Amino acid sequence: MNRINKNVILALLTLTSSAFLLFQLYYYKHYLSAKNGAGLSKSKGSRIGFDSIQWRAVKKFIMLTSSQNVPVFLIDPLILELINKNLEQLKNTSHGSTSECNFFCVPRDFTAFALQYHLWKNEEGWFRIAENMGFQCLKIESKDPRLDGIDSLSGTEIPLHYICKLATHAIHVVVFHERSGNYLWHGHLRLKGHMDRKFVPFRKLQFGRYPGAFDRPELQQVTVDGLEVLIPKDPMHFLEEIPHSRFIECRYKEARAFFQQYLDDSTVEAVTFRKSAKELLQLAAKTLKQLGVRFWLSSGTCLGWYRQCSIIPYSKDVDLGIFIQDYRSNIISAFQDAGLPLKHKFGKVEDSLELSFQGKDDVKLDIFFFYEETDHMWNGGTQAKTGKKFKVPVTSKQ
């Protein structure tokens, strides 16, 4: 009897111990690990966030572009802004040394890259390799506006955008083309009739609503979330360009029609003037950019661009417009330092200011300042010989 009781007691003790052990394991798994798991996993060197679809899509895309020598660099505004805030830290980060995904894992529908088309040597087969890696890709083409002035080539199509989707995340490849003037241009994203408009949420795209133009950026390589990518060396400058990047194409067909009716002046004097005027315009743009001053083509210079895609040869000057609120006190000295002496100054800041600078080959730069009223905008004018002032209404603000 005593022997039976001892066996029962031993069995009960064993059962109780097993139940307590199971309880401890359950408690650790569902409570302690949930509470402290992030810290524990981080201390053990695990990589947090690297299972996100955003990071995996970017990783595969970088593997693809690296293996095929596709010249791309990151232009995604959201990611570039984050990178810019942490740029010095990223410069000191080595490949694979990061333990947490802080940039490419940010929730979003797209990641935007720029493709430098003029440097791309191996376009053929790129789609097929991308699809073999799991991407679904869409290619958007349209006519090359650079060829609109050439009858035999007008209508030739070029790639403007690629969209490659992996699961729920898409890579938007904005194709940058070279344009005369040492800048990069991208086209409008227009879907053709046969294209699936539900392929991605196109309205959320950051680029492609209209054509854009950017300064050619100098690039640098950084390691972001363990991935080596090229970015603009000055991310902030690129980000500041985006809101003002809309590109308005010259009206080539109308210009051709104009020159069919009125012969173009191709004399030595006209060719020389156009060359000098363009050089003066580039120098003025560079100077105003350094000052952070917005400007636009005005008066006869604007008319020449709009009507004949060129500079009117008999105008003998270059005209720019600036809002008076963008006036800088050092604007005159800045142009003088650039080699353009002040020729005339009419009016004053609060009323009808106009500046005139002397360029080379007797080509003059005229800067008109524009004033905004409640219901209209105007710029001042002064007759050089008499000093008589004029107010020229420009537009009605309705």
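Residues numbered from 1 in each chain as written. Predicted model: local features only at pLDDT ≥ 70, side-chain atom pairs only at ≥ 80, totals over all residues. Heavy atoms only, no water.

- For the chain, the name recorded in an unreviewed UniProt entry is Ribitol-5-phosphate transferase, with Pipistrellus kuhlii as its organism.
- As stated in UniProt under Subcellular location (unreviewed entry), the record for the chain gives "Membrane".
- Check the Sequence similarities (unreviewed entry) section of the UniProt entry for the chain; it says "Belongs to the LicD transferase family." (UniProt positions renumbered as here; feature names shortened; annotations may be inferred.)

## Here we look at the nonpolar core
Then, in step 1: If you look at the biggest cluster of nonpolar residues, it comprises 50 residues, and the most contacted ones within it are Ile75, Ile83, Phe104 and Phe135.
Then, in step 2: It is helix H2 (residues 53-67) that provides the largest number of residues to this core, a total of 6 residues.
Then, in step 3: Contacts of Ile83, omitting those with residues within four sequence positions, involve Leu74, Leu90, Phe103, Val224 and Ile231.
Then, in step 4: With 26 residues, the next largest nonpolar core counts Ile332, Leu355, Phe369 and Trp378 among its residues. (Core = buried A, V, L, I, M, F, W, Y, C linked by side-chain atoms within 4.5 Å. Buried < 20%, exposed > 50% of the residue type's maximum accessible area, 1.4 Å probe, protein only. Helix = DSSP H or I, 4+ residues; strand = E, 2+ residues; numbered from the N terminus. Contact = heavy atoms within 4.5 Å.)

## What about helix H8 (residues 268-291)?
Then, in step 1: Between its terminal C-alpha atoms H8 stretches 35 Å, which fits the 34 Å expected from 24 residues at 1.5 Å a residue.
Then, in step 2: Buried within H8 are the following residues: Ala270, Phe273, Arg274, Ser276, Ala277, Leu280, Ala284, Thr287, Leu288 and Leu291.
Then, in step 3: Residues of H8 that are buried sit in contact with strand S11 (317-323), helix H10 (331-337) and strand S14 (364-372).
Then, in step 4: Looking one or two residues beyond H8, the residue adopting positive phi is Gly292, at roughly 75°. (Expected span 1.5 Å × (residues − 1).)

## As for unusual backbone geometry
Then, in step 1: The phi torsion at Ser299 lies on the positive side, around 50°, for a residue other than glycine.
Then, in step 2: Relative to the helices and strands, Ser299 resides in helix H9 (residues 299-308).
Then, in step 3: For Ser299, a relative accessible area of 42% gives the class partly exposed.
Then, in step 4: At Asp362, a residue that is not glycine, the phi angle is positive and equals roughly 65°.
Then, in step 5: Along the polypeptide, Asp362 turns up in the loop between strand S13 (351-358) and S14.
Then, in step 6: For Asp362, a relative accessible area of 62% corresponds to the exposed category.

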